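# Overview (structure and organization)
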2 protein chains.
Amino acid sequence: MRLDDVDVAILTELQEHGRLTNSELAERAGLSASACHRRVKTLETSGVIDRYVAILSEKALGRGITVYVQVTLDNQKRETLVAFETAVEAVPEVMECYLMSGDADYLIRVLVRDANDYEHVHREILSGLPGVARLVSSFTIRRVFSRTTMPVPEELRV
Amino acid sequence: MRLDDVDVAILTELQEHGRLTNSELAERAGLSASACHRRVKTLETSGVIDRYVAILSEKALGRGITVYVQVTLDNQKRETLVAFETAVEAVPEVMECYLMSGDADYLIRVLVRDANDYEHVHREILSGLPGVARLVSSFTIRRVFSRTTMPVPEELRV
DNA sequence: GTTGAAACGCCTTATAC
DNA sequence: GTATAAGGCGTTTCAAC
């Protein structure tokens, strides 16, 4: 699927304002409402737009601290990996989990209230996950920025 | 601001389906439409709901590979940090940037099409950012999961 | 908290160009 | 791509309970 400038404009707007009305969106994209509506539907059914979500405020929910944790397991047996992955997904403080190349097996992003809270999560939850041999925690001091907006790569442009 | 079970139900739904109609949401939350509408407005104005966004498909956009990069700068002078932060935010492939404690100064998450593409980003863009002394790249093999849904902490429950 | 009503805007589909 | 029309649905506000 190729995307032209208008598609990009639509995607850019919706990535920032997911609940724009179609008429507002049409105006911002410089399109008639019907044309805009058709394009959005196409973008949705083609899978370019995956879904719409509400983003909650980490601050307002008292989850100010992000910690990255490198996880090394006892071994790389298939069952060990599956057991860990299943268990870690059930931990609500873990926002993201990647299987990694290199030293550690997994990298996870953990969201907690403060350092105290992390101590609890680390000791009572993470270190008890199946197969975990070692945890290396890296504290973030400050989030410089975070994008939800994904750039449209050149090779998809019209 | 305290949140009761119904608020949590609303937040959970909206974090997964950000464009639910108010009437649909009301039904799922077990509320009348007007009561539901009032609660959502309150959650929005109080800042618990930060914003609504469309999530694009990384796959459909051909951005399959996530790379984490630990960035070490020449020094920690204020100007050095500011210059780097300003420049890195202008790189669209960088989705997130944290100032870190510990060995490296920054941790960034980079989204690219493939390893080739990363090679280009690494050599032509990242290593040219102001103040960069060392880059340590960690490739992800697979995203195990990623949440946009944030749990409501116990201490905020009614 | 609930229901119901009313006004308005938007969506959605369908026209035709 | 544009414009327009029509019906139905959803939102938003209000009043009353």
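This one's a predicted model, so the numbers in the text were calculated from it and none came from an experiment. (Residues numbered from 1 in each chain as written. Chains lettered and ligands numbered in written order. Predicted model: local features only at pLDDT ≥ 70, side-chain atom pairs only at ≥ 80, totals over all residues. Heavy atoms only, no water.)

What follows is about the protein's contact with DNA strand C. Neighbouring DNA strand C are the residues T21(A), N22(A), S23(A), H37(A), K41(A), L31(B), S32(B), S34(B), A35(B), R38(B) and R39(B). Looking at DNA strand C alone, sugar and phosphate atoms form 65% of those within 4 Å of the protein. N22(A) is positioned such that a nitrogen or oxygen atom in its backbone is 2.4 Å from a phosphate oxygen of DNA strand C. Breaking the surface near DNA strand C down by element, the ones donating at least two residues are α2 (22-29) and α3 (33-45) of chain A together with α3 (33-45) of chain B. Among the elements that make up the surface near DNA strand C, the one with the highest residue count is α3(B) (four residues). (Near = heavy atom within 4 Å. Polar contact = N/O pair within 3.5 Å; in protein donor to acceptor, adjacent residues only side chain to side chain. Helix = DSSP H or I, 4+ residues; strand = E, 2+ residues; numbered from the N terminus.)

This next bit is on the sheet that holds strand β4 (residues 106-112) of chain A. Taken in spatial order, the eight strands line up as β2(A)-β4(A)-β3(A)-β5(B)-β2(B)-β4(B)-β3(B)-β5(A) and close into a barrel, and their pairing is antiparallel. Taking the axes of each pair of neighbouring strands and ignoring which way they run, one obtains an average angle of 35° across the sheet. When strand β2 (residues 65-73) of chain A meets strand β5 (residues 132-146) of chain A, the two strands line up antiparallel, connected through seven bridges. Across the sheet, V69(A) pairs through a bridge with S137(A), a residue of β5(A). Sheet strands in contact with helix α5 (residues 115-125) of chain B are β2 (65-73), β4 (106-112) and β5 (132-146) of chain B, and its direction is about 135° off that of β4(B). (Pairing = 2+ DSSP bridges. Axes fitted to C-alpha atoms, helices over the stretch in contact; angles between N-to-C directions. Contact = heavy atoms within 4.5 Å.)

What follows concerns the protein's contact with DNA strand D. Close to DNA strand D lie L31(A), S32(A), S34(A), A35(A), R38(A), R39(A), T21(B), N22(B), S23(B), H37(B) and K41(B). Backbone atoms, meaning sugar and phosphate, form 74% of the atoms of DNA strand D found within 4 Å of the protein. For DNA strand D, a phosphate oxygen lies 3.0 Å from a polar atom in the backbone of S23(B). Elements with a contribution of two residues or more to the surface near DNA strand D: α3 of chain A together with α2 (22-29) and α3 of chain B.

Right, let's get into the UniProt feature "domain: HTH asnC-type" (unreviewed entry) in chain A. Residues given the UniProt feature "domain: HTH asnC-type" (unreviewed entry) here are residues 3-64 of chain A. Across residues 3-64 of chain A, the secondary structure splits into 53% helix and 13% strand, with the terminal C-alpha atoms separated by 37 Å. (UniProt positions renumbered as here; feature names shortened; annotations may be inferred.)

Before going further, it helps to spend a moment on the domain arrangement of chain A. Domains assigned within chain A are domain 1 (5-54) and domain 2 (65-139). For domain 1 of chain A and domain 2 of chain A, the distance between their C-alpha centroids amounts to 37 Å. (Domains from an automatic or database assignment.)

Compared with the 16 Å implied by 1.5 Å per residue over twelve residues, the 17 Å span of helix α1 (residues 5-16) of chain B between its first and last C-alpha is a close match. In this structure, the buried residues of α1(B) make contact with β1 (49-56) of chain A together with α2, α3 and β1 (49-56) of chain B. Two or three places before V6(B), at the start of α1(B), stands the capping residue D4(B), its side-chain oxygen 3.1 Å from that residue's backbone nitrogen. (Expected span 1.5 Å × (residues − 1).)

All names here are of chain B. Following both chains from N to C, one finds α1 and α3 inclined at 75°, their axes separated by 11 Å at the closest point. Here α1 is positioned roughly perpendicular relative to α3, judged by the angle of their axes. On α3, the residues touching V6, D7, I10, L11 and L14 of α1 are C36, R39, V40 and L43. Of the residues in the contact of α1 with α3, the class split is seven nonpolar, no polar and two charged. (Parallel < 35°, antiparallel > 145°, perpendicular 65-115°, else oblique. Nonpolar A, V, L, I, M, F, W, Y, C, P; charged D, E, K, R; others polar.)

For the match of chain A to chain B, the screw axis carries a shift of 0.0 Å, the RMSD comes to 0.1 Å, and the turn is 180°. When the rotation and shift are considered jointly, the pair of chain copies conforms to a two-fold rotation axis. With an isologous cut-off of 70% or more, the 100% of interface residues of chain A that recur at the interface of chain B puts this contact in the isologous class. (Least-squares fit on C-alpha atoms with pLDDT ≥ 70 in both.)

By the criterion of burial, β1(A) is predominantly enclosed, with six of the eight residues buried. Direction of pairing for β1(A) relative to β1(B): antiparallel, over a ladder of seven bridges. In the strand pairing of β1(B), I49(A) is matched with L56(B). (Buried < 20%, exposed > 50% of the residue type's maximum accessible area, 1.4 Å probe, protein only.)

Residues and elements named next belong to chain A. Looking at where V71 falls in the secondary structure, it is placed in strand β2. Note on V71: relative accessible area 1%, which makes it buried. For the pair V71 and F139, spaced 68 residues apart in sequence, the C-alpha separation works out to 14 Å. Discounting chain neighbours no more than four positions away, the residues touching V71 are F84, A104, D105, Y106, I108, V132, R134 and L135.

A few words on the pairing of β4(B). Residues and elements named next belong to chain B. Of all seven residues in β4, seven are buried, a share of seventy percent or more. Neither face of β4 is open: one carries Y106, I108, V110 and V112, the other L107, R109 and L111, and all of them are buried. Both β2 and β4 contribute to a ladder of seven bridges, which runs antiparallel. Bridge pairing links T66 to L111 in β4. For strand β3 (residues 94-100) and β4, the ladder comprises five bridges, and the chain directions are antiparallel. Paired with E96 across the two strands is R109, which belongs to β4. Here β3 folds back onto β4, and the loop between the two strands holds five residues, one of which, G102, carries a positive phi near 95°.

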